[in-house]
Amino acid sequence: MKADIHTIEAKTAGSIELADHIFGLEPRADLIHRVIQWQLNKRQQGTHQAKSRGEISRTTKKLGPQKGSGGARHGSRKSGIFVGGGKAFGPRSRSHETSLNKKIRALGLRHAISAKAKDQSLLILDAAASDGKTKTLVNAFEKLGLVNALIIDGAAVNDSFAKAARSIPNIDVLPIQGINVYDILRRKKLVLTKAAVEALEARFK
């Protein structure tokens, strides 16, 4: 499939042939969902933890006599029914990460990119360069119609462009190594530079 190449000044700079096995797939929601769920599970810190009764420091002396009080039989102040007692079945520190095959992850990424191409939410830029001024970049994005976008550059992001874009709301800039399904779908538009397209085609050749 063919796509127009745009400059940062919103002018046309020719066209590019995009590989169908990356940009022309019929998007599968189940694959995309599996990859997003894997990403979100991996991000969870898992540092939440409550103390069990074995971790509570309290006297082990029996509260009262076994019989005759008319109340329940209690043997420890560490019990979860008392204020300050241990939590029964409370959260424990653990990893929430799940496993997902590398092939599924790669396929999910290609389907996410194809979903943007199918929705006409994909824009190809000649290069992501700027004079370092945020105001100039905001005006350029207005001409290109970029309000909510993920911009993917080549192996290294232009420093001036990244600094100018970082204070613009709803605009994310990543190198090609950082491209992922979650960030692609959380933004309305996906912007790829020519260098990013070449890197993707080399990765999935």
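Quick caveat, the model's predicted, so the values are computed rather than measured.

## Some words on the packing of aromatic side chains
Stage number 1. Across all of its chains, the model carries one aromatic pair by this definition.
Stage number 2. Between Phe141 and Phe161, the aromatic rings sit 6.3 Å apart at their centres with planes inclined by 75 degrees, giving edge-to-face as the arrangement. Within this pair, whereas Phe141 is found in helix α4 (residues 134-144), its partner Phe161 is found in helix α5 (residues 159-165), the two being separated by 20 residues in sequence. The residues Phe141 and Phe161 share a single accessibility class, namely buried.
Stage number 3. For Arg77, the ring lying beneath its charged end belongs to Phe82, and the centroid distance is 5.2 Å.
Stage number 4. In this arrangement the basic side chain of Arg110 is found over the ring face of Phe204, its NZ or CZ atom lying 5.7 Å from the centre.

## A look at the side chain of Arg187
Stage number 1. By the element assignment, Arg187 lies in the loop between α6 (181-186) and β6 (189-193).
Stage number 2. Here the side chain of Arg187 touches Asn170 through a polar contact of 3.4 Å, side chain to side chain.
Stage number 3. Among the polar contacts made by the side chain of Arg187, one reaches the side chain of Asp172 at a distance of 2.9 Å.
Stage number 4. The contacts of Arg187, once residues within four sequence positions are left out, are Lys116, Asn148, Ala149, Leu150, Asn170 and Asp172.

## A short note on the nonpolar core
Stage number 1. Core analysis: the largest hydrophobic core is formed by 30 residues, its most contacted members being Phe23, Ile113, Ile124 and Leu192.
Stage number 2. Look past the residues within four positions of Phe23 in its chain and what remains in contact with it is Met1, Leu18, Ile113, Ser114, Ala117, Leu122, Leu192, Val197 and Leu200.
Stage number 3. Core analysis: the next-biggest nonpolar cluster, separate from the first, contains 17 residues, Leu125, Ala140, Leu146 and Ala149 among them.

## Details of helix α2 (residues 29-43)
Stage number 1. Under the 1.5 Å per step criterion, the end-to-end length of α2 is 21 Å for 15 residues, consistent within 8% with the ideal 21 Å.
Stage number 2. Against the buried residues of α2 lie α3 (102-118) and α6.

Calculation notes
- Residues numbered from 1 in each chain as written.
- Predicted model: local features only at pLDDT ≥ 70, side-chain atom pairs only at ≥ 80, totals over all residues.
- Heavy atoms only, no water.
- Phe/Tyr/Trp six-rings, centres within 6.5 Å; stacked < 30°, edge-to-face > 60°.
- Helix = DSSP H or I, 4+ residues; strand = E, 2+ residues; numbered from the N terminus.
- Buried < 20%, exposed > 50% of the residue type's maximum accessible area, 1.4 Å probe, protein only.
- Lys NZ or Arg CZ within 6 Å of the ring centre and 35° of its normal.
- Polar contact = N/O pair within 3.5 Å; in protein donor to acceptor, adjacent residues only side chain to side chain.
- Contact = heavy atoms within 4.5 Å.
- Core = buried A, V, L, I, M, F, W, Y, C linked by side-chain atoms within 4.5 Å.
- Expected span 1.5 Å × (residues − 1).

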